[in-house]
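# Report on the structure
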Amino acid sequence: MSGGHSDRLYVPGASAVHRLPPQCKLVAVLTFVLIVVATPRDQFWAFGLYAVVLASVAAVARVPAPVILRRMVVELPFLVFALLLPFVSHGERVQFFGLTVSEAGLLGAWNVLAKGTLGVVASILLAATTEPRTLLLGLERLHLPALMVQIMSFMFRYADVIGGEMHRMRIARESRGFQARDVRQLRVVAQSAGALFIRSYERGERVHLAMLSRGYAGSMPVIVDVRAGRGQWLTAAALPMPALAIAVTAWSLT
Amino acid sequence: MTSHPGNRAPSLAVHQLAFAYPDGHQALFGVDLTIAPGERVALLGPNGAGKTTLVLHLNGILTAGHGTVSVAGLPVTKDNMLEIRRRVGIVFQDPDDQLFMPTVREDVAFGPANLGLRGDELAERVRHALDQVGMLALIDRPPHHLSFGQRRRVAVATVLAMQPEILVLDEPSSNLDPASRRELADILRDLELTTLMVTHDLPYALELCARSVILDEGVIVANGPTHDLLCDQELMRSHRLELPFGFDPKSLAVPGR
Ligand SMILES: Nc1ncnc2c1ncn2[C@@H]1O[C@H](COP(=O)(O)OP(=O)(O)O)[C@@H](O)[C@H]1O
Ligand SMILES: [Mg+2]
């Protein structure tokens, strides 16, 4: 999670979706994904409707479609996996665009692809409308263990610092004629990684001293309070509620 | 100056402080240092002299093997720790160590929030501290997006927000370009706060501090007006303190305060 990278996921704006407290959005997205995953895979229409629900959220949040499409590349590995399924699966064979493939595999591929895509798009919308920092505050609010949230926020803060250190070490290596051509040079790279670890550890100690010096006594003070009202929870429910209705219908039809 | 040294306990009183690291290396041998309210004092000394070790004793991060430290009359002991850490504002050398929160606002709020401030009172403290160092406009930025000079100034704000009795700066001018160095000097001068400035930057010490002490090998070897110390070539050379090329303190008038 590099600082620069996570900043780019965020699309600044002031829409209703942007303004919702992070914990509401987190819960909404999580519930939505769980409902989608629980939907029977042969109710194809249900997935079309889920897509419509997500498209409406994207429209309200003013997140442009090309932005979403570009970020969907994270899904590529799943796509490849899904494409292979019909060919490697056993069971009854069916004709599909002139190819003989496994029927169970085809359904399995559709299942992975449809549910995966909906989950990825929901997460992209969450990241696009919530600053990474605020997302952490939301997790804190949802009573994720404080230590975990602290570690994540340190990662957010120090990713660039450690990345910079790594970059300087690589330049220093290469300035002295080092080229990573094959595995024999692995030893040098491993040594650099060790040095990086020690530097990061020492930095951790210095940061801890700086924290103690400002009165830290083991728990982070709550500085930014992101409280959510009933109205905001209800607004956030606009994502999982229609999904729930769709899923219930889909189940009753099977 | 508005404070009257005679009426109050010294801002900082270090008495016969000695300390050895757990590995047996003795870093301080009976250090004495007194700083009156409102005074700005430079702590000079070569690498490894024990300067950082001394600084870490001032707010109880390290505790004395022998001797005492007290801040505005309050001794540094386990029971007083939170109040001592409020009174002694240490600005560490690397601002990346000091600024560990995701935004400037939260970083400056960290200290006063640990002291129990909340809500408007906390927000006001943060704004005031950032205003004092001219960084109010950057309040919502993440620290890693600031220039080095800006980060150093925000680091100063993080301790100003605790309204310290004494400001302690470890190498404040290191890694700054000349413009940032001058801007920081202007800020420090305008704060009119009791200050202990650890530095190798002798012109900076002369510019900002009327008095200097020299620490070498864990003992205070000199204590006097900065101008006099810098003009004593023999003293400076014997403690590995060198003036930059072309800098002649004798040619400068003694800076007024
Ligand atoms: N954690 C430590 N353990 C052992 N020795 C240390 C430690 N930190 C510093 N020292 C030693 O103590 C002496 C004083 O160090 P320090 O206070 O950092 O000097 P300065 O800040 O003046 O450069 C040095 O000789 C240093 O090697
Ligand atoms: Mg030092």
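Residues numbered from 1 in each chain as written. Chains lettered and ligands numbered in written order. Predicted model: local features only at pLDDT ≥ 70, side-chain atom pairs only at ≥ 80, totals over all residues. Heavy atoms only, no water.

## Quick look at the domain arrangement of chain A
- Each assigned domain of chain A is listed with its residue range as follows: domain 1 (5–138 + 227–252) and domain 2 (145–213).
- Each of domain 1 of chain A and domain 2 of chain A has a C-alpha centre, and these two points are 35 Å apart. (Domains from an automatic or database assignment.)

## Quick word on the site of ligand 1
Residue and element names in this part refer to chain B.
- As a structural note, the neighbourhood of ligand 1 is formed by Tyr-21, Asp-23, His-25, Ala-27, Pro-46, Asn-47, Gly-48, Ala-49, Gly-50, Lys-51, Thr-52 and Thr-53.
- Separating an oxygen atom of ligand 1 from a backbone N or O atom of Ala-49 is a distance of 3.1 Å.
- Contact distances for ligand 1 include 2.8 Å between an oxygen atom and a backbone N or O atom of Lys-51.
- Contact with the protein chains hides 62% of the accessible area of ligand 1, taken as 560 Å² for the molecule alone.
- Here the element with the most residues in the shell around ligand 1 is helix α1 (residues 51–58); it accounts for three residues.
- Within the shell around ligand 1, the residues separate by chemical class into four nonpolar, six polar and two charged. (Near = heavy atom within 4 Å. Polar contact = N/O pair within 3.5 Å; in protein donor to acceptor, adjacent residues only side chain to side chain. Areas by Shrake-Rupley, 256 points an atom, 1.4 Å probe, with all protein chains shown as cover. Helix = DSSP H or I, 4+ residues; strand = E, 2+ residues; numbered from the N terminus. Nonpolar A, V, L, I, M, F, W, Y, C, P; charged D, E, K, R; others polar.)

## Some remarks on unusual backbone geometry
- Of note in the backbone geometry, His143(A) takes a positive phi value of approximately 65° without being a glycine.
- Counting through the fold element by element, His143(A) comes out in the loop between α8 (132–141) and α9 (146–175).
- The phi dihedral of Glu192(B) is positive, around 50°, even though this residue is not glycine.
- Turning to its location among the elements, Glu192(B) is positioned in the loop between α7 (178–191) and β8 (194–199).

## Quick word on the pattern of salt bridges
- Tallied over the entire structure, the rule returns 18 salt bridges over all chains.
- The salt bridge involving Asp97(B) is made with Arg203(A); its shortest N-O contact spans 2.7 Å. Of the two residues, Asp97(B) is situated in helix α3 (residues 95–98) and Arg203(A) in helix α10 (residues 186–213); the pairing between them involves two chains. Of the two residues examined, Asp97(B) and Arg203(A), each falls in the buried class.
- For Glu83(B), the salt bridge identified is with Arg86(B), shortest N-O distance 3.2 Å. One end of the pair is Glu83(B) and the other is Arg86(B), both in helix α2 (residues 81–87) and three residues apart, which spans about a single turn.
- Given a relative accessible area of 24%, Arg86(B) falls into the partly exposed group.
- Through salt bridges with shared partners, one network takes in Glu165(A), Arg168(A), Arg203(A), Arg206(A), Asp94(B) and Asp97(B). (Salt bridge = Lys/Arg side-chain N within 4 Å of Asp/Glu carboxyl O. Buried < 20%, exposed > 50% of the residue type's maximum accessible area, 1.4 Å probe, protein only.)

## As for α10(A)
- In a regular helix each residue adds 1.5 Å, so 28 residues correspond to 40 Å; α10(A) covers 41 Å between its end C-alpha atoms and thus fits that length.
- By the burial criterion, the buried members of α10(A) are Ser192(A), Leu196(A), Arg203(A), Val207(A), Ala210(A), Met211(A) and Ser213(A).
- Those residues of α10(A) that are buried lie in contact with α9 of chain A together with α2, α3 and α4 (104–114) of chain B.
- Following α10(A) by one or two positions, Gly215(A) adopts a phi angle in the positive range, close to 85°. (Expected span 1.5 Å × (residues − 1). Contact = heavy atoms within 4.5 Å.)

## Remarks on the side chain of Ser173(B)
Residues and elements named next belong to chain B.
- Counting through the fold element by element, Ser-173 comes out in the loop between β7 (166–170) and α7.
- A distance of 2.8 Å separates the side chain of Ser-173 from the side chain of Asp-201, its partner in a polar contact.
- Once residues within four sequence positions are removed from consideration, Ser-173 is found in contact with Arg-152, Arg-181, Thr-199, Asp-201 and Tyr-204.

## Observations concerning the packing of aromatic side chains
- Within the structure shown, the criterion is met by nine aromatic pairs over all chains.
- Consider the rings of Phe154(A) and Phe100(B), whose centres lie 6.5 Å apart with planes at 70°: the pair is edge-to-face. In this pair, Phe154(A) sits in helix α9 while Phe100(B) sits in the loop between α3 and α4, so the two residues belong to two different chains.
- Looking at Phe100(B), the relative accessible area reads 1%, which means it is buried.
- Ring centres of Phe19(B) and Tyr21(B) lie 5.0 Å apart, and the angle between their planes is 85°; on these two criteria the pair is classed as edge-to-face.
- You can call Tyr21(B) partly exposed: its relative accessible area is 29%.
- An aromatic cluster of three or more residues is present, and its members are Phe32(A), Phe44(A), Phe47(A), Tyr50(A) and Trp110(A). (Phe/Tyr/Trp six-rings, centres within 6.5 Å; stacked < 30°, edge-to-face > 60°.)

## Looking at the packing of helix α6 (residues 148–160) of chain B against α7(B)
All names here are of chain B.
- At a minimum axis separation of 10 Å, α6 and α7 run at an interaxial angle of 15°. Considered as vectors, α6 and α7 are oriented roughly parallel to each other. At the point where α6 passes α7, the crossing takes the right-handed sense. Between α6 and α7, the residues in contact are Gly-149, Arg-152, Arg-153, Val-156 and Leu-160 and Ser-180, Glu-183, Leu-184, Ile-187 and Leu-191, respectively.
- Classifying every residue of the contact of α6 with α7 gives five nonpolar, two polar and three charged. (Axes fitted to C-alpha atoms, helices over the stretch in contact; angles between N-to-C directions. Parallel < 35°, antiparallel > 145°, perpendicular 65-115°, else oblique. Left-handed = near helix turned anticlockwise from the far one by under 90°.)

## Notes on the sheet that holds strand β9 (residues 211–216) of chain B
Residue and element names in this part refer to chain B.
- Pairing within the open sheet is mixed, and its six strands lie in the order β6-β7-β8-β3-β9-β10. Strands with a single pairing partner mark the edges of an open sheet, and in this sheet they are β6 (88–91) and β10 (219–225). Averaged over all pairs of adjacent strands, the angle between their axes in this sheet comes to 20°, without regard to strand direction. (Pairing = 2+ DSSP bridges.)

## Overview of the nonpolar core
- By size, the foremost hydrophobic cluster in this structure holds 89 residues, and its most contacted members are Leu12(B), Val14(B), Leu58(B), Val108(B), Leu130(B) and Leu196(B).
- A total of six residues in this core trace back to one element, the largest contributor, which is α6(B).
- For Val108(B), the contacting residues outside a window of four places in its chain are Val126(B), Ala129(B), Leu130(B), Val154(B), Ala157(B), Thr158(B) and Ala161(B).
- Val17(A), Leu26(A), Ile68(A) and Leu139(A) belong to the second largest nonpolar core, which has 40 residues in total. (Core = buried A, V, L, I, M, F, W, Y, C linked by side-chain atoms within 4.5 Å.)

## Quick notes on the interface of chain B and chain A
- Contact residues are listed per partner, giving 29 residues for chain B and 27 residues for chain A.
- A buried area of about 2,600 Å², summed over both sides, lies between chain B and chain A, and 60% of it is on carbon and sulfur atoms.
- Where chain B touches chain A, the interface holds four salt bridges.
- For the pair chain B and chain A, the interface holds nine residue pairs in polar contact (both at pLDDT 80 or more).
- Every element with two or more residues in the side of chain B that touches chain A is listed here: α2, α3, α4 and α6 of chain B.
- Looking at which element gives the most residues to the side of chain B that touches chain A, the answer is α4(B), with seven residues. (Buried area = accessible area lost by both parts, 1.4 Å probe.)

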